Amino acid sequence: MSLLKGGKVVADTFVDASAAEAIPEAGAVIVSLEQWQKHRDALLARGTPIGLRLHSDQSPELIADDVPKLALIALEFPKFRDGRAYSYARLLRERYGFKGELRAVGDVLLEQLFFMLRVGFDALDVQQSPDPVAAFQTAISDFSVWYQPTADGRPTAMQLRHHR
Amino acid sequence: MYRYDEFDAKFVAERAAQFRRQVKRRLAGELTEDQFRPLRLMNGLYLQLHAYMLRVNVPYGTLSSKQMRTFAHVARTYDKGFGHFTTRQNIQYNWIKLEEAPDAVKDLASSEITSIQSSGNCVRNITSDQYAGCAKDELADPRIYCELLRQYSFLHPEFSYLPRKFKIAVTGSPNDRAAVAVHDIGLRMHKNEQGEIGFEVLVGGGLGRTPYIGQTIRKWLHPSHLLTYVEAILRVYNMLGRRDNIHKARIKIIVNQMGIDKYRELVDKEFELTKNGQLKVPDEEIARIKAYFAPPKYETLKDIGPELDARRKTDRAFDRWMRGNVVEHKVPGYAIVTVSLKAPGRVPGDITADKMDAVADLADRYSFGEIRVSHRQNLVLTDVKQGDLEQLWRELFALELATPNLGLLSDIICCPGLDYCALANARAIPIAQDISRAFSDIDELQRIGNFTINISGCMNACGHHHVGHIGILGVDKRGEEFFQLTLGGSSDQNASLGDRLGPGLPQAEVPGAIRKIVDTYLEHSEPGERFIDTYRRVGIEPFKASVYGAETAH
């Protein structure tokens, strides 16, 4: 697995404790929705960046009010064919104003990167790729025309046609 | 018709190049078949029983003569010299090699044709009325909105991995020829109380193993909100549709489980938050697309009914064709002609490359170079001068494309079935051939009148059997093929699902059973009454008794 951000492989500064028994005492940490709901005040009090990992059946609507307090939200793709997180990503970016790191985790494959970037993901926990940077470059250079206005702000064909 | 501008052309070329790279990665073993499958499906490439099948879009059933010639070229170069038009107004090639698929896709792209999203769990080809823009009963041209939806849906980053496939159809006429009620979203153009044209929106229709007629989710929608409203429907579906069971994943299941009122509430909530956002369609975009669908340069002509009547009196074959395959045009002096792909004993929807070229030539000479595909698997020349009808008929007749059976019993819808399809339980094509041979007397067919027979080789219902006046479903019973009949289905503005007639019949008994159903209809019908109306009036019992005998009828 490699964490891709801005087209580069970067070190993960967060510890993912979402499936762990105990949450580490210090440092940037990613927790599950259950952990967040249970330990919300304590987590906020520790003063470290907090990330939240949501399963594909957990809509971000559940934490809409907490969005400004989170440094990272990780959305799971349990299978690459499960496309719920594409909607969740747009809601987080376009409706709930999430400005932090939006990370795709789980069955994250290069062939879907293009869609993920368009809906607002900026960090990709990519599975099994020999050269993720090269693959990332291919994925983002496949297309130069877009038809849908989404969170990434790329101008659509319709907007360019009418110079809006 | 719509022509690509610089953006569309670039997009489609980029997609063709991407597909070539994906195939290369698959052939090199860099992608597993499981990873490659959704990618090839979203480019219309299926793995069937004997070979790959490539399904190519005909957006809302409209294509140019140039595009038809490209279809012929692809049929000759990459297939066995023929193609099959489908109930989704697409064309399928049955014998494609994976290695050559990128070349076929590239050749199609050069004529502004794509196979993008002709399969996969995404928004499929947008379908419409084959007479759009020309029909006398039309309120407004649906193609403008189909094109808007086509562009909106292509590689939608949010909706490329929906729970299941998603089909949208649009009709601009109150007489629904696009079967909108059996689509995931059906759009019916109509006027509101203020006289403005907008859309009635239906949701949750569909066939397959759990058929439903679509329900009205919104009575009237302003055209500028078309995309925002469709997006709201799609978003709710994408988040809540079932992902655990492929057979329960279509939108119809969730709509019917939670009820239309609850679904509407969720969609309206979403729509209220987004309706005036970036996706709202500006008037200038509607105007831009509308300009492409400006009517062709019609001559100022008068209807020549009496003259044609005189010709029809002297030539019975011409008269049968005029009665069968020619319908009124909204412009005086013109007519709409259906080119039948249903000659007796032929495979419904199949056409050879040579005939594709011939139809393209006829379109250039007689119909402004444009051809339509109907969801009933025929071709249409929409803008023929009435004065040219007889000559056109002679040429179609010579090509065996003039069988005058539009809307009659041998105008059968038929899926590819077990002759090609990996999902099928039974062969559908031989049943269609048997029936069309048994009912090949056109005078008899015209006496019997309007009748639709729809045949599917399995419960996935690609042949729309639930909505045929007679539906025929192929089933497998311990290794043997049987055919289950349903009666009373319809896909028009009064859509209904057929009722099961009784136990499945072996292939050899099907034409005889159809004969008994027809005889029972003729016995019970009132003068001028169509089969479907007689059936709705008298019910299933007399038909049951005639096919299965009195004892098993109850």
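Predicted, not measured: the structure shown is a model, and the values here were computed from it. Just so you know, the residues in each chain are numbered from 1, in the order the chain's sequence is written. Chain labels run from A onward and ligand labels from 1 onward, assigned in the order the entries are written. With pLDDT at 70 or above as the cut-off, local features in this predicted model cover only qualifying residues; side-chain atom pairs require 80 or more to be listed or tallied, and sums for whole chains, interfaces and linings still use all residues.

(A) The arrangement of the overall build of chain A in detail. Only DSSP runs of H or I with at least four residues qualify as helices, and only runs of E with at least two residues qualify as strands; both kinds are numbered from the N terminus onward. On a plain count of helices and strands, chain A comes out with five helices and eight strands. When the helices and strands of chain A are listed from N to C terminus, the series reads β-β-β-β-α-β-β-α-β-α-β-α-α. Radius of gyration: over C-alpha atoms. The globule rule applied is 2.2 Å multiplied by the number of residues raised to the 0.38 power. Taken over C-alpha atoms, the radius of gyration comes to 16 Å for chain A, in line with the 15 Å a tight globule of 164 residues would show. Overall, chain A is about 50 × 35 × 25 Å in size when its C-alpha atoms are taken along their principal axes. Put plainly, a residue is buried at 20 or more neighbouring C-beta atoms within 10 Å of its own, exposed at 12 or fewer, and partly exposed in between, counting only other residues' C-beta atoms, which are placed from the backbone. The burial tally for chain A puts 41% of its 164 residues in the buried class. In this description, any two residues whose backbone-derived C-beta atoms lie within 7 Å of each other are considered to be in contact. In chain A, of all internal contacts separated by at least 6 residues, the share reaching a separation of at least 24 is 45%.

(B) Just the packing of helix 16 (residues 510-524) of chain B against helix 18 (residues 541-548) of chain B, in detail. Residue and element names in this part refer to chain B. For helices, the fitted axis covers only the stretch in contact; all axes are lines through C-alpha atoms, and the angles between them, taken along N-to-C directions, range from 0 to 180 degrees. Packing of helix 16 against helix 18 leaves a shortest axis separation of 9 Å and a crossing angle of 140 degrees. The angle between helix 16 and helix 18 places the two elements in the oblique class. Pair helix 16 / helix 18 crosses with right-handed handedness. Here Ala513, Lys516, Ile517, Asp519, Thr520 and His524 of helix 16 come into contact with helix 18, specifically with Pro542, Phe543, Ser546 and Val547. Side-chain classes are defined by residue name, with Ala, Val, Leu, Ile, Met, Phe, Trp, Tyr, Cys and Pro counting as nonpolar, Asp, Glu, Lys and Arg as charged, and the others, Gly among them, as polar. For the contact of helix 16 with helix 18, the per-class residue count stands at five nonpolar, three polar and two charged. Here the angle decides the label: under 35 degrees means roughly parallel, over 145 means roughly antiparallel, 65 to 115 means roughly perpendicular, and every other value means oblique. A clockwise turn of the near helix away from the far one marks a right-handed crossing, whereas an anticlockwise turn of less than a right angle marks a left-handed crossing.

(C) Inspection of the environment of Lys99 of chain A at higher detail. Residues and elements named next belong to chain A. Note on placement: Lys99 falls in the loop between helix 2 (84-95) and strand 7 (101-106). We classify Lys99 as exposed; it has 11 C-beta atoms within 10 Å. Measuring from C-alpha to C-alpha, the distance between Lys99 and Pro68 comes to 7.8 Å, with 31 residues separating the pair along the chain.

(D) Fine view of the sheet that holds strand 10 (residues 215-221) of chain B. Residues and elements named next belong to chain B. Strand order in the open sheet formed by five strands is 6-7-8-9-10, and the pairing between neighbours is mixed. Of all the strands in the sheet, the pair left with one neighbour each is strand 6 (127-128) and strand 10. A pair of strands counts as paired when DSSP detects no fewer than two bridges linking them. Of the strand pairs in this sheet, strand 7 (residues 168-171) and strand 8 (residues 185-191) are connected by four bridges, and their pairing is parallel. Bridging across to strand 8, Ile168 finds its partner in Ile185. Seen against the sheet, helix 8 (residues 260-274) touches strand 9 (197-203) and strand 10 and runs at an angle of roughly 40 degrees to strand 10.

(E) Main features of the sheet that holds strand 3 (residues 15-16) of chain A. Residues and elements named next belong to chain A. Read across the open sheet, the eight strands follow the order 2-1-8-7-6-5-4-3; overall the sheet is mixed. The outermost strands of the open sheet, each flanked by one partner alone, are strand 2 (8-10) and strand 3. With three bridges joining them, strand 1 (residues 2-5) and strand 2 adopt antiparallel strand pairing. Looking at strand 2, one finds that Lys5 is bridged to Lys8. Contacting strand 4 (29-32) and strand 5 (50-54), helix 1 (residues 33-45) crosses the sheet at an angle of about 125 degrees to strand 4. Sitting on the sheet, helix 2 is in contact with strand 6 (72-77) and strand 7, with an inclination near 160 degrees to strand 6.

(F) How the structure looks around the domain arrangement of chain B. Residues and elements named next belong to chain B. You can read the domains of chain B as domain 1 (6-109), domain 2 (135-290), domain 3 (305-398) and domain 4 (413-553). Summarising the inter-unit geometry, the C-alpha centres of domain 1 and domain 3 are found 29 Å apart. Each side of the interface is counted separately: domain 1 has 21 residues, and domain 3 has 20 residues. Breaking the side of domain 1 that touches domain 3 down by element, the ones donating at least two residues are strand 3 (62-64), helix 3 (65-78) and strand 4 (82-85). Residue contributions to the side of domain 1 that touches domain 3 peak at seven residues, all from helix 3. Boundaries of every domain are those given by an automatic assignment or by a domain database.

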